[in-house]
Amino acid sequence: MALTESNSEVQFDSGSVLFFIYKWRYSLLIITISAIVLSWAFSSSLFITPKFRSNVILFPSASSSISKSLLTDRSTQRNDLLDFGHDAQIEHMLQILNSSRIRQNVVQRFNLLEHYGINPNNHLKQTMLLREYNRNVSFRRTEYLAVRISVLDKDAQMAADIANYIGGLVDTIRNQIQKEVAIPGLRIIEQQYILQSHQVKATEDSLRRLREIGVHDYETQTEVLTQQLAIEIARGNYQAIRALESKLALLAKYGGSYVSLKEQLEHDTRQQSLLKARYDEARVDAEQFLPFKFVVEPAIKAEKKSYPLQWLIVLISTFGTLVISILIILLSENFKEIALLVEKKKAR
């Protein structure tokens with residue numbers, strides 16, 4: 001019985017809705033058609049400036065250092081110059097794209113202040129420019145670990161040009177940032193390399209002076225002269241003995257210095273070799289330029305507008321107008337009943 005009553009209520013409610021729609025069919029039809037026509041008209045190019053979208057898709061490279069990619073031993077190298085980057089490199093690229101350096105370059109290159117119709121004398125011009133720029137230019141990572149540069153503009157060719165220009169700026173800005181560190185680093189390592197080279201030369205000069213006075217190879221000379229002295233002593237050749245003793249005395253006097261200088265030269269030469277390798281790497285990083293991105297899809301001129309989505313505006317506007325119209329009609333039909341209910345509540 002309860003089920004039957006429930007079904008009856010449902011049937012009654014459904015019938016009421018159908019009766020209401022049938023009763024007001026002409027009014028609702030006129031409202032719907034009017035909403036479609038008006039929303040279509042107000043979303044047209046007469047009232048809303050159409051905009052065209054262009055996209056550039058980039059993959060960052062895995063390596064950020066030219067020297068490590070090209071000069072470092074392959075067995076110890078982590079990232080190859082031709083490898084695609086992952087999360088860290090994508091985040092770095094997005095941060096560069098959202099930086100003021102990119103924005104300022106784009107604003108100056110395309111004169112966006114004038115292009116967006118912003119009064120240059122307005123004291124809020126920078127705020128207005130930033131808001132308009134953020135509305136039209138966006139960056140995001142794709143599901144395939146790439147970066148998408150998206151540009152909206154009323155000029156289809158301008159949108160494509162801006163997107164491609166931003167894609168090219170990524171390398172320029174990234175290299176500028178890296179060179180801000182690489183150039184001072186090059187100067188430091190260059191100074192150290194020059195100092196080390198002077199130290200090696202000074203040690204070599206000291207060894208040369210010792211060789212000029214007869215100390216060529218302390219260990220070998222001492223061994224040979226000692227053996228020869230023993231032979232001459234056995235022969236009783238006093239003249240040769242005195243000559244050999246004189247040479248051994250010279251070696252005894254300068255031998256310690258010779259050994260120290262020789263060991264110092266070996267150490268300094270190794271240090272000089274290491275500094276030379278670092279200097280070559282630092283010079284490459286400071287002076288050379290390589291792209292750090294892969295352009296998968298450059299921007300092209302769009303053939304149809306992307307904004308506004310006229311069909312969506314018409315759909316939402318028509319549906320919203322229809323719902324509001326039905327509510328207003330319902331309220332107007334039941335106004336007396338609502339008024340009586342309010343009076344009864346007040347009486348209580």
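Residues numbered from 1 in each chain as written. Predicted model: local features only at pLDDT ≥ 70, side-chain atom pairs only at ≥ 80, totals over all residues. Heavy atoms only, no water.

1. Digging into the side chain of Thr 203
As for its position among the elements, Thr 203 is in helix α8 (residues 156–212). Residue Thr 203 is classed as buried on the basis of its relative accessible area of 4%. Residue contacts for Thr 203: discarding those within four places in its chain leaves Leu 261, Gln 264, Leu 265 and Asp 268. (Helix = DSSP H or I, 4+ residues; strand = E, 2+ residues; numbered from the N terminus. Buried < 20%, exposed > 50% of the residue type's maximum accessible area, 1.4 Å probe, protein only. Contact = heavy atoms within 4.5 Å.)

2. Observations concerning the pairing of strand β1 (residues 52–60)
Summarising burial for β1: seven of the nine residues are buried, a large majority. Looking at chain direction, β1 and strand β3 (residues 147–153) are connected through seven bridges and run antiparallel. Bridging across to β3, Phe 52 finds its partner in Asp 153. (Pairing = 2+ DSSP bridges.)

3. Thoughts on the packing of helix α5 (residues 100–110) against helix α7 (residues 125–136)
In the contact formed by α5 and α7, the axes pass within 12 Å of each other and the chain directions differ by 100°. Here α5 is positioned roughly perpendicular relative to α7, judged by the angle of their axes. Taken together, the residues of α7 that come into contact with α5 (itself represented by Ile 102, Arg 103, Val 106 and Val 107) are Leu 129, Leu 130 and Tyr 133. The class makeup of the residues in the contact of α5 with α7 is six nonpolar, no polar and one charged. (Axes fitted to C-alpha atoms, helices over the stretch in contact; angles between N-to-C directions. Parallel < 35°, antiparallel > 145°, perpendicular 65-115°, else oblique. Nonpolar A, V, L, I, M, F, W, Y, C, P; charged D, E, K, R; others polar.)

4. Observations concerning a nonpolar patch on the surface
On the surface, Trp 311, Leu 312, Leu 315 and Ile 316 cluster together into a nonpolar patch covering about 430 Å² of accessible area. As for its position among the elements, Leu 315 is in helix α11 (residues 310–333). (Patch = residues over 30% accessible without salt bridge, like charges linked within 9 Å, V, L, I, M, F, W, Y side chains within 5 Å. Areas by Shrake-Rupley, 256 points an atom, 1.4 Å probe, with all protein chains shown as cover. Salt bridge = Lys/Arg side-chain N within 4 Å of Asp/Glu carboxyl O.)

5. Let's talk about the side chain of Asp 268
Of note, Asp 268 is situated in helix α10 (residues 238–287). Look at Asp 268: it is buried, it has no salt bridge, and the nearest opposite charge is Arg 270 at 8.4 Å. Setting aside its immediate chain neighbours within four residues, Asp 268 contacts Gln 196, Gln 199, Val 200 and Thr 203. (Lys, Arg positive; Asp, Glu negative; His and termini not counted.)

6. As for the packing of aromatic side chains
Under the defined criterion, the tally for this structure stands at two aromatic pairs. Here Phe 110 and Tyr 165 contribute two aromatic rings whose centre-to-centre distance is 5.5 Å and whose plane-to-plane angle is 85°, an arrangement assigned as edge-to-face. Residue Phe 110 is located in helix α5, and its partner Tyr 165 is located in helix α8; the two are separated by 55 residues in the primary sequence. Here Phe 110 falls in the buried class, since its relative accessible area comes to 12%. Aromatic pair Tyr 193 and Tyr 279: ring centres 5.6 Å apart, planes at 10°, arrangement stacked. Pair noted here: Tyr 193 is in helix α8 and Tyr 279 is in helix α10, with a separation of 86 residues, a long-range link. Just as Tyr 193 is buried, Tyr 279 falls in that class too. Arg 109 extends its terminal NZ or CZ atom over the ring of Tyr 165, reaching a point 5.7 Å from the ring centre. (Phe/Tyr/Trp six-rings, centres within 6.5 Å; stacked < 30°, edge-to-face > 60°. Lys NZ or Arg CZ within 6 Å of the ring centre and 35° of its normal.)

7. Description of the nonpolar core
Counting 32 residues, the largest nonpolar core has Val 106, Leu 112 and Ile 166 as its most contacted members. Among the secondary structure elements, those contributing two or more residues to this core are β1, α4 (87–97), α5, α6 (112–115), α7, β2 (137–141), β3 and α8. Once residues within four sequence positions are removed from consideration, Ile 166 is found in contact with Leu 97, Ile 102, Val 106, Tyr 133, Val 137, Phe 139, Ile 149 and Val 151. Of all hydrophobic cores here, the second largest spans eight residues; its members include Leu 186, Ile 189, Leu 275 and Ala 286. (Core = buried A, V, L, I, M, F, W, Y, C linked by side-chain atoms within 4.5 Å.)

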